[in-house]
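So the chains spell out like this:
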Amino acid sequence: MAQNKPTGNEPYSNAKKEMENLIRLEAADSLAFEGKLQKREAAKRHRGSRKTTEDRGKEAQNHLVRLGGNEAAARIGQAPVPSMPEMDIEVATDIEPADFIKSMTEKAGLDYANIGDYDLESKSAEIARQLIPSSIARDRRLIPLIEEKKDGRRRNVLWVGISDPLDITIIDDLRLMLPEHELEAVVINEDDIVDAIDRHYGVGEESLDDVINNLDKEDETDDDILKKDDGQVEIDVNELANNPPVIKLVNLLLVQAVQERASDLHIEPFQGQLRIRYRVDGVLREIPNPPKSMQVGMISRLKVMAGMNISESRVPQDGRIRLNISGKEVDMRVASLPTVYGESIVMRVLDKSTMMIGIEQLGFQKEQLEDVLREAKKPNGMLLVTGPTGSGKTTTLYSILNEIFDSGMKFITTEDPVEYELPGIVQVNINTKVGLTFAACLRAILRQDPDDILVGEIRDVETASISIQAALTGHMVFSTLHTNSAAATVTRLVDMGIEPFLLTSTLRGVIGQRLIRTICPSCKEPYIPTDEELAEFTVTREEVEDITFMVGRGCDDCGFSGYKGRIGIYEVLLVTEEVNELILQRATTDEIHALAVHQGMQTMRSDGWLKVCLGITTFDEVSRQTPRESEESARAEMASAKRSLARIDELRRQREAEDNAPADFDEDEFGLPEVSTEGSGGAPHLLPES
């Protein structure tokens, strides 16, 4: 029989403490299902009530004896039950950990879930993470999943993923910490929780927002110490660049830029403010600004990483950073510019995993792609890609080269800088500091016995002249030019000083292109256009009554913009005999453009209209990227687009006739890329800016 509590008995007090320690050790270490389950059930039964010391002693005695703990019971002065036979507890040794957790979850009355069932990138998940600090999440092995408002509930519900279904204190502690929320828990694999904490709470212990919020904001601005009168940096920039908070903040900025699929990162100093913005899908998005006191340290750190001179802040500089982030090879081209309030930094993010996508995924129509590849495979001549900065010209050239590459030929490229290393192709970096310009490099390349040559950009008449000379001497030359349309490329070269007769002998074709945003697949829905939108494309409502237009309403996946990812729109100008006649006559851009459309060229605007009709993009996006033509040109463009749509209908009818059953239209047969989210973070395949 258990003894009653002796008043003032010190040995009993020590025995009591030893008993409680043994109970805790047994509950933590034992793998027996019965032991852990009874602990949880006992806690549920007696939560909120007080037991006497005698009651707890009796329960502990029986619990220890049942688990074979006669010796432990004797050590605390409790006699074992004489009639209790020895028991062999069988513990499964071949049970899988995941099965064990699932069994315990079921016994505990909770649900088991996969972390992939929850969108941790959503706005509601971000709000949930703001409620629970990273230190608590890491210590208790939990991840906030979603914060939502449910009908009939006075308070918002916070869903939390936990790793231990037997730890009944986690939710109780969270209820005390968040009294304004109702708490719901599901059990998730511990390794998945740890990975999610590292990914969403940031590198180390804090996310980018945490780092910015925790930095000490100084009351005084640093404008007066940023520079001396002559512009030289006055403070110890080496020490600032190696300051741990600065290193952590810069690292998080770069990691987040890659995770958000940013093409550019802008760091812009102003009076009393340091603004940071990412360019995602062609649109700048501002993030929380770090304190002004971090300006010199951040810029110095980036200049160190890019191999730039950190002691010089009076002149522009260029550099390059190479990183490996989450298994991705990422290059960043860094450019600095002295401004009134310090140096401004812009970084172009070149994710190599997206640079070399197949040419079929760029957005060419089938006929356009056939024209491009036919001209690219010719033994000599010149094929140009034109468009503004950031329209994907270099990516298009890379894809063409990758498509026509033959080990029996020699390819040489000269770029500023080399953005992606192509296997089997000789590539040269331009270095103007030592006199290695495009023109100088081209002269040397011609002595290397090449078959095809890629020139990164035609910037001056000297480079254009040597490129044309290379094409005249039996080489196929690929290059880019900054013009607004394919037809404008011809007049631009003539204006640079290239003789028209040289162009007619070498120019094979010109590709004009833009990048347009694609509708977010998660929130795409049917849309009825307004009369003004239809009039913008010179079509009537009767002409499009059979077409279902789409628009993105906005969701967490796309940041409520309605767009996610980008695709190209193109026009391919083939230099025919009639076009050559106009070139020799020094015709205007409009005259060359009108002739090309008359000969069947699909313009960028009509290509964009086709993608609007197919539900890939919207009226507003095409209108924003392409100018409205004259009434006559617009009619011709829409007629071309209608012919393309007619070919789509013909393909549908052919397939239905062959299969004797209705079938969905396959965009691949028409030459358009399949809008896929695989391998791109939920975004369609797209052209990175270049």
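Residues numbered from 1 in each chain as written. Predicted model: local features only at pLDDT ≥ 70, side-chain atom pairs only at ≥ 80, totals over all residues. Heavy atoms only, no water.

**Some details on the overall build of the chain**
- Of regular secondary structure, the chain possesses 27 helices and 18 strands.
- The proportion of buried residues among the 690 residues of the chain is 47%.
- Approximately 34,300 Å² of the chain is accessible, and the part contributed by carbon and sulfur atoms is 47%. (Helix = DSSP H or I, 4+ residues; strand = E, 2+ residues; numbered from the N terminus. Buried < 20%, exposed > 50% of the residue type's maximum accessible area, 1.4 Å probe, protein only. Areas by Shrake-Rupley, 256 points an atom, 1.4 Å probe, with all protein chains shown as cover.)

**Concerning the pairing of strand S10 (residues 381-386)**
- Where burial is concerned, most of S10 is hidden: 6 out of the 6 residues are buried.
- Side chains Gly-381, Leu-383 and Val-385 project from S10 onto one buried face, and the interleaved Met-382, Leu-384 and Thr-386 project onto a second face that is buried too.
- The pairing of S10 with strand S14 (residues 476-481) spans 6 bridges and is classified as parallel. What sits directly across from Leu-384, in S14, is Ser-479. (Pairing = 2+ DSSP bridges.)

**Quick look at the packing of helix H19 (residues 486-496) against helix H23 (residues 589-598)**
- The N-to-C vectors of H19 and H23 enclose an angle of 140 degrees; their axes lie 8 Å apart at closest approach. One finds that H19 runs oblique with respect to H23. You can see that H19 and H23 cross each other, and the crossing is right-handed. Residues Ala-487, Ala-488, Val-490 and Thr-491 of H19 form the contact with H23, whose participating residues are Thr-589, Ile-592 and His-593.
- A breakdown of the residues in the contact of H19 with H23 according to their chemical character gives 4 nonpolar, 3 polar and no charged. (Axes fitted to C-alpha atoms, helices over the stretch in contact; angles between N-to-C directions. Parallel < 35°, antiparallel > 145°, perpendicular 65-115°, else oblique. Left-handed = near helix turned anticlockwise from the far one by under 90°. Contact = heavy atoms within 4.5 Å. Nonpolar A, V, L, I, M, F, W, Y, C, P; charged D, E, K, R; others polar.)

**A word on the packing of aromatic side chains**
- Summed over the entire model, instances satisfying the criterion amount to 7 aromatic pairs.
- Relative to Phe-411, the ring of Phe-405 has its centre 5.5 Å away and its plane inclined at 50 degrees; by these criteria the two rings are tilted.
- Taking the centre distance of 5.7 Å and the plane angle of 70 degrees together, the rings of Phe-537 and Phe-619 count as edge-to-face. With Phe-537 in the loop between helix H21 (531-536) and strand S17 (549-552) and Phe-619 in helix H25 (residues 619-625), this residue pair connects regions lying 82 residues apart in the sequence. (Phe/Tyr/Trp six-rings, centres within 6.5 Å; stacked < 30°, edge-to-face > 60°.)

**Concerning helix H16 (residues 393-404)**
- Between its first and last C-alpha atoms H16 spans 17 Å; for 12 residues at 1.5 Å apiece the expected length is 16 Å, and the two agree.
- Among the 12 residues in H16, 10 count as buried, and that is most of the element.
- Every buried residue of H16 is accounted for by Lys-393, Thr-394, Thr-395, Thr-396, Leu-397, Tyr-398, Ser-399, Ile-400, Leu-401 and Ile-404. (Expected span 1.5 Å × (residues − 1).)

**What to know about the pairing of strand S6 (residues 283-286)**
- Judged from the 4 bridges that link them, strand S5 (residues 273-280) and S6 form a sheet pairing that is antiparallel. Bridge pairing in S6 places Tyr-278 opposite Arg-285.
- Two successive antiparallel strands, S5 and S6, enclose a turn made up of 2 residues, where Asp-281 displays a positive phi of approximately 55 degrees.

**What about the sheet that holds S6?**
- One open sheet accounts for 6 strands, arranged S6-S5-S4-S9-S8-S7; its pairing is antiparallel. The open sheet has two free edges, formed respectively by S6 and strand S7 (317-325), since each of these has just one partner strand. Neighbour-to-neighbour, the strand axes of this sheet turn through a mean angle of 25 degrees, independent of strand direction.
- As paired strands, strand S8 (residues 328-339) and strand S9 (residues 342-351) are joined by 10 bridges and run antiparallel to one another. By the bridge assignment, Val-334 is partnered in S9 with Met-347.

**Describing the nonpolar core**
- Leu-493, Ile-498, Leu-503, Leu-507, Leu-573 and Ile-592 are the most contacted members of the largest nonpolar core, which totals 41 residues.
- Filtering out sequence-adjacent residues up to four positions away, Leu-573 remains in contact with Ala-486, Ala-487, Arg-508, Gly-509, Val-510, Ile-592, Ala-596 and Met-601.
- Membership of the second largest hydrophobic core comes to 29 residues, among which are Val-246, Leu-253, Ala-262 and Ala-306. (Core = buried A, V, L, I, M, F, W, Y, C linked by side-chain atoms within 4.5 Å.)

**Description of helix H9 (residues 190-200)**
- Buried within H9 we find Ile-193, Ala-196, Ile-197 and His-200. The buried residues of H9 occupy one face: seen down the axis, they fall within an arc of 100 degrees.
- The backbone nitrogen of Asp-191 lies 2.9 Å from a side-chain oxygen of the residue at the head of H9, namely Asn-189. (Arc of directions from axis to C-beta. Polar contact = N/O pair within 3.5 Å; in protein donor to acceptor, adjacent residues only side chain to side chain.)

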